[in-house]
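Spelled out from the first residue to the last, the chains are:
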4 protein chains.
Amino acid sequence: MPGYEMHKSDYLARLKRIEGQVRGLQRMIDEDSYCIDVLTQVSAATKALQSVAVGLVDEHIRHCVRDAISDDPASTDRMVTEATKAIERLLKS
Amino acid sequence: MPGYEMHKSDYLARLKRIEGQVRGLQRMIDEDSYCIDVLTQVSAATKALQSVAVGLVDEHIRHCVRDAISDDPASTDRMVTEATKAIERLLKS
Amino acid sequence: MPGYEMHKSDYLARLKRIEGQVRGLQRMIDEDSYCIDVLTQVSAATKALQSVAVGLVDEHIRHCVRDAISDDPASTDRMVTEATKAIERLLKS
Amino acid sequence: MPGYEMHKSDYLARLKRIEGQVRGLQRMIDEDSYCIDVLTQVSAATKALQSVAVGLVDEHIRHCVRDAISDDPASTDRMVTEATKAIERLLKS
C-alpha cells in the first residue's frame, strides 16, 4: 500500500484540477492571452503540483518510512536516502 | 500580439505533453504506484512547467518589453515591474 | 555602470544581513540547535538571497537591457538570452 | 542530540564557505561587477544553502524521526508534520 492510500480520491481530485489548469493554459495561449497572465497561471499550476508533492512526501514518511522502521529496520537507511533524493529533485524543479 | 506569438504551436505542444504527464500521474495514483515514483513524475511535470515559464519570460522581455521601450517609453517601468513580479511568483512556486 | 548602481548601499546592507544570518546558522549548529529550527533559518537566508536576486534581475532589465535597446540594438538579443539564463539558474537553485 | 550531530564539522565548514560566498557577493557589488555575474554567484550561494538544507532534512528523518518512532511513537505524527512543514518552507524559499 502506498503512503497516500487513505487520501487517494483527494489526490486524484487535485490532479484532475491541475489537468484542468494545464488545459486552461493551452486555451490562454491559443487565444493570445497576455504573457504575464499566462505566467500567473503557470505559477498557480506549479504551486498546486508542488503542494501535491509535499503531501506525498508527508504521507511517505508518515506511513512507508514508519512501517519500514517497525517491520524491516535494515531497509530504513535506503528508504530515507530515497526520500531525501526525491525532496532534492523537487527543490531543483 | 503576445511575445510568444511566433512559437505558439511549440508552447501548445509542450503544454499538451504536460497535460499528458498530469493524466499519467492520476493513473499512477489510481494504480497505487510507489510514492517515490509518483514524486519523480511530479518533479518532471513541475520542471516542464517551469521551463515553459522561462520561455515565456524570455519572449516577453525580448518582444513586449523591447517594443514598449521603442514605442511607449513611459510604460516601460510599469512593464518591467510587472515582469519582475511574475518572476518572483515563479521563484516562490 | 551596473543596473543596481543607484541602490548599491541597499544591496550591500542586505548582503551584510545575510552574512549575519549565515554566521547565525554556524552558531546554531555549534550549539546543537534542533534540526527544524536550523532549517527554518536556512529557509530565511535562502529567501533573503532570492529576494536580492529578484532585485538584481529587475534593475538589470530596467537599466542594462533598456540601455542596450536604445544604444546598441544589435546586442539586445544576446542580453535577453543572458538574462533568461540567469533567471533559469535561479529557478533551479 | 540533533540529527546532524555526527557531521557537525562538515556542516560548519560548508556554512563557512557559504559565508565566504556572501562576502564575495558584497565585494562584487562594491566593485560594480556586471549584474549577470553577481546573479550567477547568488545562484551558487543559494544552491549551496539548499544543499545544506537537504542534508539536514535527511539527518533529521534518519535520526530524530526514527528515534521518535522507536522511543516515543505518540510524538511521531507531530514530528512528521513539523518536518513536512520545514520542507514546504524550503520549497517556497
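Before reading further, recall that the structure is shown in the block above.
Along each chain, residues carry numbers from 1 onward, in the same order as the chain's sequence is written. Following the order in which they are written, the chains are lettered starting with A and the ligands numbered starting with 1. Given that the model is predicted, a residue must reach a pLDDT of at least 70 before its local features are reported, and side-chain atom pairs must reach 80 or more before they are shown or counted; all residues, however, enter totals for whole chains, interfaces and linings. Hydrogens and waters are ignored; side-chain quantities use all the structure's heavy atoms.

Visitor: Any chance you could explain the interface of chain B and chain C here in plain terms?
Guide: Here, residues are in contact when the closest pair of their heavy atoms is within 4.5 Å. At the junction of the two partners, chain B supplies 19 residues and chain C supplies 19 residues. Accessible surface is computed with a 1.4 Å probe, and the buried area is the amount of it that two parts give up when combined, taken over both parts together. When chain B packs against chain C, close to 2,000 Å² is buried across both sides, 71% of that on carbon and sulfur atoms. Should a side-chain nitrogen of Lys or Arg be within 4 Å of a carboxyl oxygen of Asp or Glu, the pair is scored as a salt bridge. The interface formed by chain B and chain C contains four salt bridges. Where R66(C) meets D77(B), a salt bridge forms, and the shortest distance between an N and an O atom there is 3.1 Å. Here a polar contact means two N or O atoms within 3.5 Å. Within protein one must be a hydrogen donor candidate and the other an acceptor candidate, and residues neighboring in sequence count only if both atoms are side-chain atoms. At the junction of chain B with chain C, the criterion picks out eight residue pairs in polar contact (both at pLDDT 80 or more). Breaking the side of chain B that touches chain C down by element, the ones donating at least two residues are helix 2 (35–71) and helix 3 (76–92) of chain B. If you tally residues by element for the side of chain B that touches chain C, the top one is helix 2 of chain B, at 10 residues. Of the residues that constitute the side of chain B that touches chain C, the class distribution is nine nonpolar, five polar and five charged. Secondary structure counts use DSSP, requiring at least four H or I residues in a row for a helix and at least two E residues in a row for a strand, with both numbered from the N terminus. Under this grouping Gly is polar, as are all residues other than the nonpolar Ala, Val, Leu, Ile, Met, Phe, Trp, Tyr, Cys and Pro and the charged Asp, Glu, Lys and Arg.

Visitor: Teacher, can you tell me more about the packing of aromatic side chains here?
Guide: What describes a pair of aromatic rings is the distance from one ring centre to the other and the angle between the planes of the rings. Residues and elements named next belong to chain A. Between rings of Phe, Tyr and Trp, where Trp is taken as its six-membered ring, a pair exists when centres lie within 6.5 Å; planes separated by under 30 degrees are stacked, by over 60 edge-to-face, and by other angles tilted. Using the criterion set out here, one finds four aromatic pairs over all chains in the structure. Ring geometry for Y4 and Y11: centres 6.4 Å apart, planes at 70°, overall edge-to-face. Think of it in three bands: residues with accessible area under 20% of the maximum for their type are buried, residues over 50% are exposed, and the middle band is partly exposed, with areas taken using a 1.4 Å probe on protein chains only. Given the relative accessible area of 3%, Y11 is considered buried.

Visitor: Help me understand the relation of the copies chain A and chain B, please; the structure alone is not making it clear to me.
Guide: To go from the first copy of the chain to the second, apply a rotation about an axis and then a shift along the same axis. Rotating chain A by 180° and translating it 0.0 Å along the rotation axis places it on chain B, where the RMSD comes to 0.0 Å. What the superposition gives is, in effect, a two-fold axis relating one chain to the other. Take the interface residues of chain A: 100% of them recur as interface residues in chain B, which is what a same-surface contact looks like. Superposing the copies works by least squares over the C-alpha atoms of residues that have pLDDT at least 70 in both of them.

Visitor: Explanation requested: the interface of chain A and chain B in the structure shown.
Guide: Think of interface size as the accessible area that goes away when the parts come together; that is how it is often given. Every contact between the two is made by 46 residues of chain A and, on the other side, 46 residues of chain B. A combined buried area of about 4,200 Å² lies between chain A and chain B, and 71% of that area is made up of carbon and sulfur atoms. Between chain A and chain B we count four salt bridges in total. Note that R23(A) is salt-bridged to E19(B), the shortest N-O span being 3.1 Å. Mapped onto the side of chain A that touches chain B, the elements with two or more residues apiece are helix 1 (8–30), helix 2 (35–71) and helix 3 (76–92) of chain A. Top contributing element to the side of chain A that touches chain B by residue count: helix 2 of chain A, with 17 residues.

Taken by themselves, the reported measurements are silent on function.
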